[in-house]
Amino acid sequence: MAEDESHVGIRDSVPSAGSPGANVQGDEGEESPPVLFVRGKEPAGRVSPKFPKSAKSDAFEVASGAVLSLLCDAQAFPGPAFRSVNNPVGSSPPRLPPRSKLDALAKVQGQGLTLLCEAQASPPPLYRWYKFIEGSSRRQPVQLNERVRQVSGTLIIREARVEDSGKYLCIVNNSVGGESVETVLTVTAPLGAEIEPSTQTIDFGRPATFTCNVRGNPIKTISWLKDGKPLGLEEAVLRIESVKKEDKGMYQCFVRNDQESAQATAELKLGGRFEPPQIRQAFAEETLQPGPSMFLKCVASGNPTPEITWELDGKRLSNTERLQVGQYVTVNGDVVSHLNISSTHTNDGGLYKCIAASKARQILPGEKNREKSGDN
C-alpha cells in the first residue's frame, strides 16, 4: 500500500475552474488563502520572508495629531516573527551650537538670568544641570525650586544672588550619544567694607585683632594701610601679636575689583598697661678740653611717661651752680632731657649715664664716656 506522494508546495496562483485547490471567491470577491500541501501533520516545504521591493525604504509625512500606520508586510512560511527597533532611521547624537566649551556670563544681583543649553538631536535628548562645589572638581545637581527652574535645556534663575555664582555644567544625552557644556556665572554686587571693632584700646604687650568684613562680588583684592602706609597684608584679618607704642594709630581696609573699590577705617589705642621705657636718642662719646661748656641730650619714651636721671661714674647727678639737668615731654609723649655743664673741669670727665625709668622697668642704654683732659 503506497502512501507517499511526491507533490508538495504552496499554490498561490488561480487554478482552472473546477480543479482541486481552486480559490474560492468570498461574498466580497476576496480570494481565499493559498492551498498548502502537507505530508502528515507537518508542512511539506518552507519559504523565507520576502518584502515587496517598494517596502525596503519608505518615507511618510503626516500632520501633527494624525493617526499613522507603519507597514511591515512579508510573505513567508512558516509565519514570520516581527520585531521593532527603537532608534528611528536618521537618529543623531546631541549637537550643541558651535561655541566655546566654557562660556562666561556676568549679571547684576537681583536681575533674572538664563543659562542656555539647547541641543539638536534625534530622538529628543534629556538635559541635566549641575553646579561645581567651589574649590573642587566635585559637582552636585542644581536644586530646582520656585526661584530656579529648568525648561527643556534652559536654566532660569529669578532674582539672582551672589551665592548663585559659580561654574555650571549641562549634560545632554539621548540613546545615540551625549554632549556637555560648562558656564561660569558671576553675579555682581556693589562692594562694601566694615572693620570690627571700629575702635579698640589694647594694653601694651597684649594681642590685637581687626577683621575686615567685606560684601559684594567679585572681590579681587583686600589690602591694609596704617596711617596711610601699606602694611603688605592681603587677608581679611589683621593680627598684632604684641602691641607696641608704634602700633597705635588709624588702620584702613581696602577691597577692590576691576570696576570699583570700598574702604573702612578703625583705630587702635594704647591701654593702661605699662610700656617699658625705651631710649630713642642718646649722645656720642667725645673728648673735650677743660673750659668750654658741655651739652648732653637723651630722648626716651614709655607708658606711663618715664623720668630721666643722670649719673657720672655711678653717682647720680643733681643740679649745682655749674651743672643743670632739665626735661620736657613732647606732643608725641616722648621725654627729652638735657644735661648742661658750664666751664667744664678735669673732674667732670668720666662715664655719663642717661637712665629712663618708670613703674614698668628702667633702661640704661644711654651710657657714654666723657673724657676730660688738661688742667682745671
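The model shown is predicted, which means the values in this text are computed figures rather than measured ones.

1. Thoughts on the pattern of salt bridges
Here comes step 1: Under the definition given, this model contains seven salt bridges.
Here comes step 2: For lysine 245, the salt bridge goes to aspartate 334, with nearest N and O atoms at 3.0 Å. Within this pair, whereas lysine 245 is found in the loop between strand E21 (237-240) and strand E22 (249-256), its partner aspartate 334 is found in the loop between strand E29 (323-329) and strand E30 (335-341), the two being separated by 89 residues in sequence.
Here comes step 3: By relative accessible area, which is 15% here, aspartate 334 ends up buried.
Here comes step 4: Across the salt bridge formed by arginine 280 and aspartate 334, the nearest N and O atoms sit 3.9 Å from each other. With arginine 280 in strand E24 (residues 275-281) and aspartate 334 in the loop between E29 and E30, this pair connects stretches of sequence that are 54 residues apart.
Here comes step 5: Take arginine 280: its relative accessible area is 41%, and that puts it in the partly exposed class.
Here comes step 6: Each of Lys245, Arg280 and Asp334 takes part in a single network of salt bridges with overlapping partners.

2. Some details on the packing of aromatic side chains
Here comes step 1: Tallying each qualifying case throughout the model produces two aromatic pairs.
Here comes step 2: Their ring planes at 35° and their centres at 5.3 Å tell us that phenylalanine 210 and tyrosine 251 sit as a pair that is tilted. Remark: tyrosine 251 occurs in strand E22 and phenylalanine 210 occurs in strand E18 (residues 208-217); sequence separation between them is 41 residues.
Here comes step 3: Note on phenylalanine 210: relative accessible area 1%, which makes it buried.
Here comes step 4: An angle of 25° between the planes, with centres 5.5 Å apart, marks the rings of phenylalanine 283 and tryptophan 310 as stacked. Of the two residues, phenylalanine 283 sits in the loop between E24 and strand E25 (286-288) while tryptophan 310 sits in strand E27 (residues 307-312), which places them 27 residues apart along the sequence.

3. Considerations on the state of the cysteines
Here comes step 1: Applying the stated rule across the entire model yields three disulfides.
Here comes step 2: The side chain of cysteine 117 participates in a disulfide bridge whose partner is cysteine 170; the two sulfur atoms lie 2.0 Å from each other. Here cysteine 117 and cysteine 170 share a disulfide; its torsion about the S-S bond, -80°, makes the bridge left-handed. Highlighted residues: cysteine 117 in the loop between strand E9 (113-115) and strand E10 (120-122) and cysteine 170 in strand E15 (residues 166-173), separated in sequence by 53 residues. The exposure classification of cysteine 117 matches that of cysteine 170, with both residues buried.
Here comes step 3: Each bonded cysteine of the protein chain gets a number by its place in the sequence, and the pairs then read 1-2, 3-4, 5-6.

4. Focus on the sheet that holds strand E23 (residues 261-270)
Here comes step 1: Strand order in the open sheet formed by five strands is E17-E23-E22-E19-E20, and the pairing between neighbours is mixed. Edge positions in the sheet fall to strand E17 (199-202) and strand E20 (229-230), since each has one partner strand and no second.
Here comes step 2: Across two bridges, the pairing between strand E19 (residues 221-226) and E20 is antiparallel. Its bridge partner being in E20, leucine 225 is matched across the sheet by proline 230.

5. Remarks on the side chain of asparagine 174
Here comes step 1: With respect to the helices, strands and loops of the structure, asparagine 174 is situated in the loop between E15 and strand E16 (178-196).
Here comes step 2: With a relative accessible area of 14%, asparagine 174 lands in the buried category.
Here comes step 3: A polar atom in the side chain of asparagine 174 sits 3.0 Å from the backbone oxygen of serine 92.
Here comes step 4: Of the polar contacts made by the side chain of asparagine 174, one reaches the backbone oxygen of proline 123; its length is 3.0 Å.
Here comes step 5: Residues contacting asparagine 174, with those up to four places away along its chain left out, are Ser92, Pro93, Pro94, Ala121, Ser122, Pro123, Pro124 and Pro125.

6. Some words on unusual backbone geometry
Here comes step 1: The omega angle of the peptide bond from glutamate 196 to proline 197 is -10°, so this bond is cis rather than trans.
Here comes step 2: Along the polypeptide, proline 197 turns up in the loop between E16 and E17.
Here comes step 3: Of note, the amide linkage connecting asparagine 217 to proline 218 takes the cis form, showing an omega dihedral of -5°.
Here comes step 4: With respect to the element layout, proline 218 can be found in the loop between E18 and E19.
Here comes step 5: One non-glycine residue, aspartate 313, lies in the positive phi region at around 50°.
Here comes step 6: Looking at where aspartate 313 falls in the secondary structure, it is placed in the loop between E27 and strand E28 (315-316).
Here comes step 7: Backbone geometry at serine 343 places phi at a positive 50°, although glycine is not the residue there.
Here comes step 8: You can see serine 343 is positioned in the loop between E30 and strand E31 (350-357).
Here comes step 9: In this structure serine 343 comes out as partly exposed when scored by relative accessible area, which is 38%.

7. So, the sheet that holds strand E13 (residues 148-151)
Here comes step 1: Strands sit in the order E9-E14-E13 across an open sheet of three strands; the sheet is antiparallel. Two strands lie at the open edges of the sheet, namely E9 and E13, each paired on one side alone. For this sheet the average axis-to-axis angle between neighbouring strands, irrespective of direction, equals 25°.
Here comes step 2: Examined bridge by bridge, E9 and strand E14 (residues 154-157) share three bridges and lie antiparallel to one another. Counted as the bridge partner of threonine 114 is isoleucine 156 from E14.

Definitions and limits used
Residues numbered from 1 in each chain as written. Predicted model: local features only at pLDDT ≥ 70, side-chain atom pairs only at ≥ 80, totals over all residues. Heavy atoms only, no water. Salt bridge = Lys/Arg side-chain N within 4 Å of Asp/Glu carboxyl O. Helix = DSSP H or I, 4+ residues; strand = E, 2+ residues; numbered from the N terminus. Buried < 20%, exposed > 50% of the residue type's maximum accessible area, 1.4 Å probe, protein only. Phe/Tyr/Trp six-rings, centres within 6.5 Å; stacked < 30°, edge-to-face > 60°. Disulfide = S-S within 2.5 Å. Pairing = 2+ DSSP bridges. Polar contact = N/O pair within 3.5 Å; in protein donor to acceptor, adjacent residues only side chain to side chain. Contact = heavy atoms within 4.5 Å. Axes fitted to C-alpha atoms, helices over the stretch in contact; angles between N-to-C directions.

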